[in-house]
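Residues per chain, in single letters:
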Amino acid sequence: MADSANILVLYYSATGNVAQMAHALADGASGLGAHVRVRRVVEIAPTTAVASNPKWQKFLDTCQDEYVALTDIEWCDGIALGSPTRFGNPASQLRAFLDTTGGLWAQGSLSRLVGTSFTSASTQHGGLESTILSMNNIFYHWGSVIMPLGYVNSFVHKESGNPYGASLYSTSANSATQTHLQAATLQGARLARITRAISSMSEE
Ligand SMILES: Cc1cc2nc3c(=O)[nH]c(=O)nc-3n(C[C@H](O)[C@H](O)[C@H](O)COP(=O)(O)O)c2cc1C
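Residues numbered from 1 in each chain as written. Predicted model: local features only at pLDDT ≥ 70, side-chain atom pairs only at ≥ 80, totals over all residues. Heavy atoms only, no water.

This part covers the packing of aromatic side chains. On inspection of all chains with the given rule, the structure shows one aromatic pair. Aromatic pair Phe 139 and Trp 142: ring centres 5.8 Å apart, planes at 65°, arrangement edge-to-face. One end of the pair is Phe 139 and the other is Trp 142, both in helix H7 (residues 128–142) and three residues apart, which spans about a single turn. Here the two residues Phe 139 and Trp 142 agree in accessibility, since each one is buried. The ring of Trp 75 has Arg 37 lying over it, and the distance from NZ or CZ to the ring centre is 4.0 Å. (Phe/Tyr/Trp six-rings, centres within 6.5 Å; stacked < 30°, edge-to-face > 60°. Helix = DSSP H or I, 4+ residues; strand = E, 2+ residues; numbered from the N terminus. Buried < 20%, exposed > 50% of the residue type's maximum accessible area, 1.4 Å probe, protein only. Lys NZ or Arg CZ within 6 Å of the ring centre and 35° of its normal.)

Structure representation (structure tokens):
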């Protein structure tokens with residue numbers, strides 16, 4: 001088995017919720033010895049739209065995470081995609097970046113990846129699962145191994161509650177609770193463990 005995995009946590013966030021989850025997921029992966037990069041996608045919304053929401057503008061002005069490059073995708077063995085729910089779907093900002101991976105897909109090099117997804121919404125039944133399932137669709141096309149969070153232990157079963165992937169729901173910005181963060185950390189640890197096992201196998 002490979003000693004450690006390279007894990008990319010790739011996200012879009014407008015008001016900080018998904019960003020908080022991204023860092024908790026990264027902590028879980030690095031706690032298992034993985035090399036981890038946390039990267040965000042570039043903002044493509046018009047500046048007037050961003051400026052109309054002070055929380056959005058503040059996040060964009062203060063977030064320190066580096067922007068993703070295709071070389072980050074080439075580097076990783078496992079990837080976690082995070083996006084807020086936008087009408088039950090992932091944000092177009094994340095989609096815009098993922099649509100630039102066609103060249104890597106054509107080379108077949110994305111089939112080595114293990115992929116998992118996490119999200120945030122303002123309501124519990126406002127599209128958390130549909131957003132995760134939509135992000136996971138890309139992994140089918142890449143040929144990647146899809147990793148759910150799963151009901152891996154009683155914490156997910158009885159407290160965080162979503163086997164599809166770590167999910168936050170709140171009407172506020174930067175509002176992750178310990179429960180949300182713990183679910184994301186668990187998902188990151190699971191991603192590191194499974195990626196390490198999968199990346200030690202060679203596909204004939
Ligand atoms: C255009 C738009 C669409 C949204 N659609 C949904 C939705 O379908 N369901 C929901 O519960 N929340 C929805 N939300 C709320 C966000 O998903 C929620 O505020 C999320 O926690 C923001 O994450 P962030 O802080 O990482 O940007 C929407 C927000 C915006 C701006």
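Below, the discussion takes up a nonpolar patch on the surface. On the surface, Val 42, Ile 44 and Tyr 67 cluster together into a nonpolar patch covering about 270 Å² of accessible area. Tracing the chain through its elements places Tyr 67 in strand E3 (residues 66–67). (Patch = residues over 30% accessible without salt bridge, like charges linked within 9 Å, V, L, I, M, F, W, Y side chains within 5 Å. Areas by Shrake-Rupley, 256 points an atom, 1.4 Å probe, with all protein chains shown as cover. Salt bridge = Lys/Arg side-chain N within 4 Å of Asp/Glu carboxyl O.)

Right, let's get into the site of the ligand. Neighbouring the ligand are 16 residues, the closest being Ser 13, Thr 15, Thr 85, Ser 120 and Gly 126. In this structure, Phe 87 approaches the ligand through a main-chain N or O atom, which is 2.8 Å from a nitrogen atom. Backbone polar atom of Gly 88 to an oxygen atom of the ligand: 3.1 Å apart, as the coordinates give it. Bound to the protein, the ligand loses 76% of the 650 Å² it would expose on its own. Contributions of two or more residues to the shell around the ligand are made by helix H1 (17–31) and strand E5 (114–121). Of the residues contributing to the shell around the ligand, the split by class is five nonpolar, 10 polar and one charged. (Near = heavy atom within 4 Å. Polar contact = N/O pair within 3.5 Å; in protein donor to acceptor, adjacent residues only side chain to side chain. Nonpolar A, V, L, I, M, F, W, Y, C, P; charged D, E, K, R; others polar.)

A few words now on H7. Look at H7: 22 Å from first C-alpha to last across 15 residues, which is about the 21 Å you get at 1.5 Å a residue. Turning to H7, its buried residues are Leu 128, Thr 131, Ile 132, Met 135, Asn 136, Ile 138, Phe 139 and Trp 142. The arc enclosing the buried residues of H7, seen along the axis, measures out at 135°, which places them on a common side. For H7, the exposed residues lying more than 90 degrees away from the buried face are Tyr 140 and His 141. Where the residues of H7 are buried, they touch strand E4 (78–84), helix H5 (92–98), helix H6 (102–107), E5, strand E6 (145–146) and strand E7 (167–169). Where H7 ends, the next residue or the one after it, Gly 143, has phi of about 85°, a positive value. (Expected span 1.5 Å × (residues − 1). Arc of directions from axis to C-beta. Contact = heavy atoms within 4.5 Å.)

What follows deals with the pattern of salt bridges. In total, this model carries three salt bridges according to the counting rule given. We note a salt bridge from Arg 37 to Asp 72, for which the minimum N-O separation is 2.8 Å. You can see Arg 37 sitting in strand E2 (residues 35–40) and its partner Asp 72 sitting in helix H4 (residues 70–75), a full 35 residues away along the chain. Here Arg 39 and Glu 66 are joined by a salt bridge, their closest N and O atoms 3.6 Å apart.

In this model H1 runs 22 Å from its N-terminal to its C-terminal C-alpha over 15 residues, within 8% of the 21 Å that 1.5 Å per residue would give. For H1, the complete set of buried residues consists of Asn 17, Val 18, Ala 19, Met 21, Ala 22, Ala 24, Leu 25, Ala 26, Gly 28 and Ala 29. Downstream of H1 by one or two residues, Gly 33 has phi in the positive range, about 90°.

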